[in-house]
Amino acid sequence: YNINKPIVIRQGISIIADMRATAPYGYTATTGKLDFSGLPINSWAITISGSDIVDQKRITGVQLEGFLLTGVQTVNGLKVGQDINHDVTELYVKEFAVYNFKDALSTTYLYGATFSAFRAQSCVNGLLLGSQTNQVHFDRCAAVTISDKALTLTNCEGVQFTSPNISNLTKSDGPPITQYQSQ
């Protein structure tokens, strides 16, 4: 599908592709493909952020499964969280690939999430885990063929990686994996 507007998720919802990938670490020919290459520069393909509803600012229980997002390197992929008043918890992303974006994944104020078989490929930046990304598990995830930052952790606690694949990096100067004030 060609998507011409960003998708914003502000409440708990499950979006599961009918023909999702079954191979670990990525996508197959039958994966649900969403093409965001027509979005404006610096926009985000999918944003998951707390609700604007009064007294309900936390978003809980979002599940995304079995999609391949494609874009261009002037558009961003998946953004989770916004600020302390629009945080996200209980997020589950499975068999999900983000291909050819500027930033593949950016998180802030994310408390408790599982990314299983999540792949960031051919993007400028891979996994940008920012302020208050806590208790997040990445299982069989990959950041491959990234041209700048493959993995950046800033002010994160309790982030766990099981069988990660960070490879085929083309960055010429500086470390592809950076950590600031994280445990």
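Scope of this entry: the structure provided in the associated data block. Just so you know, these numbers come straight off a predicted model, no measurement behind them. Sequence order as written defines residue numbering, which begins from 1 separately in each chain. Note on the predicted model: pLDDT of at least 70 is required for a residue's local features to be given, and 80 or more for side-chain atom pairs to be given and counted; whole-chain, interface and lining totals, by contrast, use all residues. To obtain the side-chain values, all non-hydrogen atoms of the structure were included, while hydrogens and water were left out.

### Section: the pattern of salt bridges
Right, on to step 1. Any Lys or Arg side-chain nitrogen located within 4 Å of an Asp or Glu carboxyl oxygen qualifies as a salt bridge. Within the structure shown, the criterion is met by 1 salt bridge.
Right, on to step 2. Here aspartate 139 and arginine 140 are joined by a salt bridge, their closest N and O atoms 3.5 Å apart.
Right, on to step 3. Here's how the labels work: a residue is buried when its accessible area is under 20% of the maximum for its type, exposed when over 50%, partly exposed in between, all with a 1.4 Å probe on protein chains only. The exposure class of arginine 140 is partly exposed, given its relative accessible area of 27%.

### Describing the sheet that holds strand 14 (residues 151-154)
Right, on to step 1. Here, strands pair whenever DSSP counts at least two bridges between them. Strands are runs of DSSP state E lasting at least two residues, helices are runs of H or I lasting at least four, and both sets are numbered from the N terminus onward. With parallel pairing, 7 strands are arranged side by side in an open sheet as 1-4-7-9-11-14-18. The open sheet terminates on both sides in strands that have one partner only, identified here as strand 1 (7-9) and strand 18 (177-180). Each neighbouring strand pair of the sheet contributes to a mean axis angle of 5°, computed without reference to strand direction.
Right, on to step 2. Bridge count between strand 14 and strand 18: 4 bridges; the pairing is parallel. In the sheet register, threonine 154 faces strand 18, and the bridge partner there is tyrosine 180. Comment: axis = line fitted to C-alpha atoms, over the contacting stretch for helices; angle = value between 0 and 180 degrees taken between N-to-C directions.

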